[in-house]
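Working through the structure, step by step
Take a look at the letters that make up each chain.
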2 protein chains.
Amino acid sequence: MPASERGPRERMVFSAAQLIRREGVAGTGMREVAAHAAAPRGSLQHYFPGGKEQLVNEAVAWAGRYARGRVARFVAALPEPTPSGLFARMVAQWTDEYAAEGFAGGCPVAAATVDCSQSSAATREAASAAFADWTGAVAEALAEMGVPAERARTLATVMISALEGALLIARAERDVRALEAVTQELGPLLDAAVVERA
Amino acid sequence: MPASERGPRERMVFSAAQLIRREGVAGTGMREVAAHAAAPRGSLQHYFPGGKEQLVNEAVAWAGRYARGRVARFVAALPEPTPSGLFARMVAQWTDEYAAEGFAGGCPVAAATVDCSQSSAATREAASAAFADWTGAVAEALAEMGVPAERARTLATVMISALEGALLIARAERDVRALEAVTQELGPLLDAAVVERA
DNA sequence: CCCGCGCTATGACAGCGGTCATAGTAGCTC
DNA sequence: GAGCTACTATGACCGCTGTCATAGCGCGGG
């Protein structure tokens, strides 16, 4: 939503991420990105001499940083920090969006993985880094809540896996049922991983 | 693997699913499908007058039936039927493939969802039906193992969500770590849902 | 024999999308 | 004001893709 007042370069990266969420990487055109960002078409070449691949990679990296930031904000806003509470907030971000705007968008990192992991090594690595960013933030948060470090990393991966998969199903079904299912079922499992501290 | 001796029509659907797994829907061309199926290009029009959309939809539906069939075979082959055992087999199918053939392919239903859920209503519904097919098979299997019916459906959704998400992460990272994480963490949760029967 | 029908073969077309080339503008420094 | 640099503007090109049109085969039945 803080779309407008930034540089044109950043706006284009942001717009690319937005469009990739909806239409996938292959379905998103460069001209379309420029138009959506209200940026001049000529700037694409100027800011992204590496072409579409560079733009996509930056959009994916941006998404990773964004996800990391969201996790930090969720943790800060939790009344009492529990793993299930964090996960519920992460999922709620999506159920809220789907309730408000329909099931148009998914996760841009997932889209990039599906569309490019075979065709572009650089994009695949960008997606990997984005997942690592996100997982790292969640794992740190879990550790802060009292989950042993190595288990925190595993559980963070499980949380993100379940969320990503539920997003796919929710979009296909146009129903948040799957998202509700994962919050409900994973909550107790996550909280049980907290060890009592002295 | 039973690629060869079927009619050209079925071979094309199968090939479409294979290619979509790797390159996504938009990245898969019709000519490419025909070539991969060793089928004449002219047959595309003949068998799929609805064009690419029809072919993709049939490939997705095929994938749904295939997943359903796999679940049935896994259940039949389990020494003692437990939810965690079924899930472990479902995940192992993928870890085996990745170990043997590399991280080239993902789930074709996921690819169709990401690429088409916004652009083609029919494909989105095909993906939804495929997920329903798959989820239904898993839920029935869980119920057979003693999981209460309504919870079985929820848990089946969780299993498939976690699997799909872990597939994405595994492809991006070129590492089966995420797949191992979900098997390990979800196993106990699933088995705990079995109620003792008289 | 020949008709019809299922299937195949190919060439053409139109649209689109990423990229390049070239040229133009704005603003700053010397 | 000249000149340099950052950015913008646009038109063209080329490859690709889905689709269509048209024509050719093979074969079973009348």
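Residues numbered from 1 in each chain as written. Chains lettered and ligands numbered in written order. Predicted model: local features only at pLDDT ≥ 70, side-chain atom pairs only at ≥ 80, totals over all residues. Heavy atoms only, no water.

Quick look at the interface of chain A and chain B now. Taken together, the contact pairs 43 residues of chain A with 43 residues of chain B. Of the roughly 3,900 Å² buried between chain A and chain B, counting both surfaces, carbon and sulfur atoms make up 62%. Looking only at chain A, the three residues that lose the most surface to chain B are Val114, Leu168 and Glu185 of chain A, adding up to 17% of its buried area. For glutamate 185 of chain B, the salt bridge goes to arginine 151 of chain A, with nearest N and O atoms at 2.8 Å. Summed over the shared surface of chain A and chain B, the number is 8 residue pairs in polar contact (both at pLDDT 80 or more). Those elements that provide at least two residues to the side of chain A that touches chain B are α1 (8-23), α6 (108-116), α7 (121-144), α8 (149-173) and α9 (177-191) of chain A. (Contact = heavy atoms within 4.5 Å. Buried area = accessible area lost by both parts, 1.4 Å probe. Salt bridge = Lys/Arg side-chain N within 4 Å of Asp/Glu carboxyl O. Polar contact = N/O pair within 3.5 Å; in protein donor to acceptor, adjacent residues only side chain to side chain. Helix = DSSP H or I, 4+ residues; strand = E, 2+ residues; numbered from the N terminus.)

Moving on, we come to the protein's contact with DNA strand C. Met30 and Arg31 of chain A together with Pro40, Arg41 and Ser43 of chain B are the nearest of the 15 residues found near DNA strand C. At the protein interface, 50% of the atoms of DNA strand C within 4 Å belong to sugar or phosphate. Interatomic distance of 2.7 Å between a backbone N/O atom of methionine 30 of chain A and a phosphate oxygen of DNA strand C. Arginine 41 of chain B is positioned such that a nitrogen or oxygen atom in its side chain is 2.3 Å from a base oxygen of DNA strand C. (Near = heavy atom within 4 Å.)

Right, let's get into the packing of aromatic side chains. Following the criterion strictly, the structure yields 8 aromatic pairs over all chains and no others. The interplanar angle of 10° and the centroid separation of 5.3 Å between the aromatic rings of tryptophan 62 of chain B and tyrosine 66 of chain B together place this pair among those described as stacked. Taken together, the positions of tryptophan 62 of chain B and tyrosine 66 of chain B, both in helix α4 (residues 51-77) and 4 residues apart, correspond to about one turn of that helix. Of the aromatic side chains, those joined through ring pairs into one cluster are Phe14, Trp62 and Tyr66 of chain A. (Phe/Tyr/Trp six-rings, centres within 6.5 Å; stacked < 30°, edge-to-face > 60°.)

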